[in-house]
Amino acid sequence: MRNFVVVCSFVALVGCVETSVQPLTQTSFKISTEAEDMCGAKGTREIAFREAAIEVIKRGADRFIVVGDQSRAEITGGMFTTYGGFQTYGTNTQDMVIQIIQKGDARMRDALSARQTLGPDWQAIVAKGSADSCLS
């Protein structure tokens, strides 16, 4: 965690992001995204959702549903400013459990399209891979 905070402090202007994927079953996985405070809860959630869509496509599918979603914000430190104030800094975390939906599944019509989620440049986005900042 300390290394994450140190690295992020150097790239504070763009907001540091770290995402991991944990397989749960053959058709489900957990996305865990941790982002610098600058990204905010909304930015962290958007990055996690985008990463979920990328992972669905990497697994050879297009349709998915979010079956679990949890977020949290933490203050990870602080420092005194040159003007006598105190500045805190922290991280936002977004965890999502994703279920891939296959053709023939009754939930198909309610499922989201990973390609549509990523937009018309979805192939370039998948090729680029995980975001490393809020601006990616």
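Residues numbered from 1 in each chain as written. Predicted model: local features only at pLDDT ≥ 70, side-chain atom pairs only at ≥ 80, totals over all residues. Heavy atoms only, no water.

Draft legend 1. How the structure looks around the overall build of the chain. On a plain count of helices and strands, the chain comes out with four helices and five strands. Listed N to C, the secondary structure of the chain is α-β-β-α-β-β-β-α-α in terms of helices and strands. A burial count over the chain gives 38% of its 136 residues as buried. Long-range contacts, defined as pairs at least 24 residues apart, comprise 66% of the intrachain contacts of the chain with a sequence gap of at least 6. Approximately 8,300 Å² of the chain is accessible, and the part contributed by carbon and sulfur atoms is 53%. (Helix = DSSP H or I, 4+ residues; strand = E, 2+ residues; numbered from the N terminus. Buried < 20%, exposed > 50% of the residue type's maximum accessible area, 1.4 Å probe, protein only. Contact = heavy atoms within 4.5 Å. Areas by Shrake-Rupley, 256 points an atom, 1.4 Å probe, with all protein chains shown as cover.)

Draft legend 2. Fine view of the packing of aromatic side chains. Scanning all chains against the criterion turns up two aromatic pairs. Judged by centre distance (5.7 Å) and plane angle (50 degrees), the ring pair of phenylalanine 49 and phenylalanine 64 falls under tilted. One end of the pair, phenylalanine 49, is in helix α2 (residues 40-58); the other, phenylalanine 64, is in strand β3 (residues 63-80), with 15 residues separating them in the sequence. Judged by its relative accessible area of 25%, phenylalanine 49 falls in the partly exposed class. Note on phenylalanine 80 and phenylalanine 86: the rings are 5.0 Å apart at their centroids and 70 degrees apart in plane angle, and the pair reads as edge-to-face. Of the residues examined, phenylalanine 80 reaches a relative accessible area of 68% and is grouped as exposed. Geometry around tryptophan 122 places arginine 115 over its ring, the cationic atom sitting 4.7 Å from the centre. (Phe/Tyr/Trp six-rings, centres within 6.5 Å; stacked < 30°, edge-to-face > 60°. Lys NZ or Arg CZ within 6 Å of the ring centre and 35° of its normal.)

Draft legend 3. Layout of the pattern of salt bridges. Tallied over the full model, the rule gives seven salt bridges. With its nearest N and O atoms 3.2 Å apart, the salt bridge here joins arginine 72 to aspartate 95. Of this pair, arginine 72 sits in strand β3 while aspartate 95 sits in strand β4 (residues 86-101); the two residues are 23 residues apart in sequence, bridging distant segments of the chain. For arginine 107, the salt bridge goes to aspartate 105, with nearest N and O atoms at 2.9 Å. Using a relative accessible area of 24% as the deciding quantity, one classes aspartate 105 as partly exposed. (Salt bridge = Lys/Arg side-chain N within 4 Å of Asp/Glu carboxyl O.)

Draft legend 4. Just the confidence of the model for the chain, in detail. Looking at the chain as a whole, its pLDDT mean stands at 87, while 88% of the residues score no less than 70. For the chain, helix α1 (residues 2-10) is the element with the lowest average pLDDT, namely 45, and strand β5 (residues 112-113) is the one with the highest, namely 98. Ignoring residues within four places in sequence, the model shows residues 1-13, a span with pLDDT below 50, making 19 contacts including any to other chains. (pLDDT = per-residue confidence, 0-100.)

Draft legend 5. Quick peek at α2. The first and last C-alpha atoms of α2 sit 27 Å apart over 19 residues, in line with the 27 Å expected at 1.5 Å per residue. At the C-terminal side of α2, glycine 60 shows a positive phi close to 85 degrees. (Expected span 1.5 Å × (residues − 1).)

Draft legend 6. Layout of the side chain of threonine 44. By the secondary structure assignment, threonine 44 is in helix α2. The buried category is assigned to threonine 44, whose relative accessible area is 1%. If we ignore the near neighbours within four places in the chain, the residues touching threonine 44 are Thr33, Ala35, Cys39, Asn92, Thr93 and Gln94.

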